[in-house]
Amino acid sequence: MDKQIFSARLTFTRLALHDWELIHSIYSNPNLMKHIRDVMSEEEIRRNFENELAPWSIDSPHWLTWIIHENSLGDNNVGLISICTRNLEKLTAEVGFIILEEYNGQGYATEALKSIIDFSVDNIGFKKFIAVCSEEHIGSRRVLEKAGMSLDKMVPDSTQIGGKLVTDCFYSLEI
Ligand SMILES: CC(C)(COP(=O)(O)OP(=O)(O)OC[C@H]1O[C@@H](n2cnc3c(N)ncnc32)[C@H](O)[C@@H]1OP(=O)(O)O)[C@@H](O)C(=O)NCCC(=O)NCCS
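Here we summarise the structure given alongside this text. As the structure is a computational prediction, the values presented were derived from the model and not from experiment. (Residues numbered from 1 in each chain as written. Predicted model: local features only at pLDDT ≥ 70, side-chain atom pairs only at ≥ 80, totals over all residues.)

### A few points about the overall build of the chain
What counts is decided by this rule: In this description a helix means any DSSP run of H or I spanning at least four residues, a strand means any run of E spanning at least two, and both kinds are numbered starting from the N terminus. Partly exposed residues are those falling between the two cut-offs: more than 12 but fewer than 20 other C-beta atoms within 10 Å of their own, whereas 20 or more means buried and 12 or fewer means exposed, with C-beta atoms placed from the backbone. The contact rule is simple: place each C-beta atom from the backbone, and if two of them lie within 7 Å, those residues are in contact.
Assigned secondary structure in the chain consists of five helices and eight strands. The N-to-C order of helical and strand elements in the chain reads β-β-α-α-α-β-β-β-α-β-α-β-β. Taken over the C-alpha atoms alone, the chain extends approximately 40 × 35 × 30 Å along its principal axes. Counting the 175 residues in the chain, one finds 25% classified as buried. In the chain, of all internal contacts separated by at least 6 residues, the share reaching a separation of at least 24 is 55%.

### Quick notes on the site of the ligand
Stated precisely, the cut-off is as follows: What makes a residue near a molecule or strand is its C-beta atom, placed from the backbone, lying within 6 Å of it.
In the region of the ligand, 21 residues are neighbours, and A109, T110, C133, G139 and R142 sit closest. Put simply, the parts of the chain that give the shell around the ligand at least two residues each are β5 (92–99), α4 (108–123) and α5 (138–146). Considering every element that reaches the shell around the ligand, the biggest residue donor is α5, with five residues.

### A closer look at helix α3 (residues 42–53)
So the rule is basically this: One fewer than the residue count of a helix, multiplied by 1.5 Å, yields its expected span.
Relative to the 16 Å expected for twelve residues at 1.5 Å per residue, α3 spans 17 Å between its end C-alpha atoms, a close match to the ideal helical length. Along α3, only one of the twelve residues are buried, which leaves the element largely exposed.

Pasting the structure below:
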């Protein structure tokens, strides 16, 4: 799982120790977390980071995370993308992604999601992908749809973010 993955504009590298500053800056940024969850404490961010550095196989409970690099940029980290096994028998993985604010609107999330789905089908054997996002998170819903995922159901008052209950949208894609 440590090999590099490439798409037209992007390279994906498995999360490594030297990515701590980037990970810390992402997960402590209230704008980036606005639709995902309450901002975590530094200890929790560090704990999750260290969990994700562990070797990964399809029966691992932790997320497999890649840093997304834009090939033509100098200081080129544009975000991250992750998958996590949710149903081993049904070969189902959840996907999640974060693009830094300054790189939004250039199709990077969609390109990354399509690439990681393709990689995960070909190299891990997943047959189904799921994703959850809040109803009001139009940008993320659009990315999921552009990558071929379909809305299965909406569950009102499903997750609490910033003291407010939000409706969750559940998406899936079967290969
Ligand atoms: C959501 C996010 C991943 C989008 O990344 P991105 O690289 O800008 O996504 P893309 O450029 O591939 O596609 C975004 C699409 O949403 C659309 N969009 C974005 N915000 C929108 C809005 N407020 N209203 C309508 N459409 C919107 C864009 O126009 C584009 O669609 P188009 O290609 O049809 O024009 C990014 O903003 C992000 O990481 N946000 C914070 C973390 C997060 O919430 N992650 C998702 C967790 S579920």
